[in-house]
Every structure is written in structure tokens, then in C-alpha cells.
Amino acid sequence: MIPDNAQWIQWLTAYNAPLMKRITQVLVEAWPNLGIKGLRKLNAAQMRWLSACLAEATAGNRRQEFDELMAIKRAMNALDPTNNDNAISASIGGGTAYMDTEQIMLNFYSKNHCDDEFEKLFLDYLQRKMNELPADSLIKVSDNMERSYRQALKSDTVSEEKKQQLRQGHDLMQVMSGAKHQLLSVLLYNAAAYYWKLKTQADYASPNEALKRQYATWLHFFYALQRNCTMGIPVAKKLRELGLEAEARALLDDLNAFLRLQEAPQEELEKVQRLL
């Protein structure tokens, strides 16, 4: 049995290598027996402590400590896959340790100017995500799902009970997929801006056309991941900075149409209209 008071570790903020490694070992050895009282709570406490330590190591540019923490992060991922790339847990108090491993590394590299490592990981990770989640497919799927949902709610042949079930399912799906895509899109948007700065800082006014086209393609992907004003407006503004007015306007037209399909609040529509 895991002692009830073992959860106190979630309030720790300083890195203690022997203690953290020992707790990881306890979890690994006990995990096959998920019936052990307190095991999942200890896992959650360890992840929260790991989040605090990762934040401190990143802020202080403590590379050796960060690498040790990432080794523990990988062990926690292997222990339970829900410890990795779990945007819901990350956003409701679990912290950055629940983020995808590569996302944590990109954050450290960019904040601490590990530029060679950043560039290699960023380009590889972004391409993998774009292959996994093609922008055109994201747009098409979100259009079709939202259109079907709205039509069902307005249908006279669908019972009120069924409509309520549809609303609940729609809201849950928005939370589950929305949180993951929002976290990914914001991180990649910021990482791409850092990459652009690296590549153009010597001659910011005249980036080459290939780089500009590459950046624009990325921006469209970030928008497809998070098709709302929060991402759509910054992306459109960035496209305009690149001199791609037609693409910016087309994106804003698409956002305007999608918001209307969603029956979004008027203030959201007005944000887009002000840029058209």
C-alpha cells in the first residue's frame, strides 16, 4: 500500500534527484498491481513535482538537471502512456510534465538558445505532426462534423433526448481534442516564430522566398489545428506581414464562415470583420 501522506511530494518545487528516482522506482515496481491503494495518486503527485522541476530547470538554464528530469519523464511515459501528450491533465493543474516529450524539449531549447538542437528537433517534430494531421483534412473534418451537428439540432425528426446527448458528446469532444490541438498549435506557432527569427535576423527585411513559403505553409497548419479567433487572427496578421494579403484574406473568410456555422457569439464575428 502507498502511504496516504505520500502525496505531499506534489507540493515540492526543488529537485531532489535521489528522492525522485526512488519514487519512480517504487511506481515502476508497483504499477503491475493497479489495485494498490494510492498508486495513481502517487503517480499524479510525482508528475506535478516533475512539472515544477522542469519549469525551474528551464527558467534557470540548468541543462544537466533538465536532462536528468527528462530521463525521469521518459520513465514516467513508459509507466503510463497517459503521462505523455495529455493536454487535459497538463491544463488542469498537472503541469508541463504531461506535455509531449518533444514539446518540453523545444521549450527548453528555444528559451535557452540551444539553437542547433532546436532547429533539428523543430523541423522533424513539425513535419511529423503535419504528416499525422494534414491541414486540408483537419479543415474538412471540422466542417463536416460541425455541419452535421447543427443540422441534427435543427431536425424535427431528432428527439430532444437525442439532441441533449449530441450536445454533451459535442462538448466533450471539443474539450478533449480542442485542448490537445490548442496546446500543440500555440507551442508550434511560437516555435516557428523563433525559427523565423533565427533564419532572418541578419536580413529581416528580405527573407528568401522559399523560407517565406515554408513559413506560410506552417501558419496555415497552425490555423487548421485551432480554427478560431485565438489562432486565426494572429496567423492572418503574420501572413500579411509576409506580404501574403490574398492568403490572409482567404483565411479570414474561412474563419468567418466557420464561426457562422458554429453560431459563434457576435463579438467573435466582429473580431474577424474588423480585419477583412
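Residues numbered from 1 in each chain as written. Predicted model: local features only at pLDDT ≥ 70, side-chain atom pairs only at ≥ 80, totals over all residues. Heavy atoms only, no water.

A. How the structure looks around the nonpolar core. Judged by nonpolar contacts, the single largest core of 76 residues is most densely connected at Phe118, Phe122, Leu188, Trp218 and Phe222. Among all residues touching leucine 188, those that are not within four sequence positions of it are Phe122, Tyr125, Leu126, Phe221 and Phe222. (Core = buried A, V, L, I, M, F, W, Y, C linked by side-chain atoms within 4.5 Å. Buried < 20%, exposed > 50% of the residue type's maximum accessible area, 1.4 Å probe, protein only. Contact = heavy atoms within 4.5 Å.)

B. Focus on the packing of aromatic side chains. Enumeration over the complete set of coordinates arrives at 11 aromatic pairs. Taking the centre distance of 5.5 Å and the plane angle of 35° together, the rings of phenylalanine 122 and tyrosine 195 count as tilted. One end of the pair, phenylalanine 122, is in helix α6 (residues 115–132); the other, tyrosine 195, is in helix α8 (residues 160–200), with 73 residues separating them in the sequence. The same class applies to phenylalanine 122 as to tyrosine 195, namely buried. Ring geometry for tryptophan 196 and tyrosine 215: centres 4.8 Å apart, planes at 25°, overall stacked. On the criterion of sequence distance, the pair formed by tryptophan 196 in helix α8 and tyrosine 215 in helix α9 (residues 209–225) is long-range, its members being 19 residues apart. Looking at tryptophan 196, the relative accessible area reads 7%, which means it is buried. One aromatic cluster in this structure is built from Phe118, Phe122, Tyr194, Tyr195, Trp196, Tyr215 and Trp218. Stacked on the ring of phenylalanine 258, the Lys or Arg arginine 227 has its end atom at 4.0 Å from the ring centre. (Phe/Tyr/Trp six-rings, centres within 6.5 Å; stacked < 30°, edge-to-face > 60°. Helix = DSSP H or I, 4+ residues; strand = E, 2+ residues; numbered from the N terminus. Lys NZ or Arg CZ within 6 Å of the ring centre and 35° of its normal.)

C. Fine view of the packing of helix α10 (residues 229–241) against helix α11 (residues 245–261). Interaxial distance between α10 and α11 falls to 8 Å at its minimum, and their mutual angle equals 165°. When the axis of α10 is compared with that of α11, the two are roughly antiparallel. Handedness of the crossing formed by α10 with α11: left-handed. When α10 is examined against α11, the residues Cys229, Gly232, Val235, Ala236, Leu239 and Arg240 are found in contact with a partner set consisting of Glu245, Glu247, Ala248, Leu251, Leu252, Leu255 and Leu259. Broken down by class, the residue content of the contact of α10 with α11 amounts to nine nonpolar, one polar and three charged. (Axes fitted to C-alpha atoms, helices over the stretch in contact; angles between N-to-C directions. Parallel < 35°, antiparallel > 145°, perpendicular 65-115°, else oblique. Left-handed = near helix turned anticlockwise from the far one by under 90°. Nonpolar A, V, L, I, M, F, W, Y, C, P; charged D, E, K, R; others polar.)

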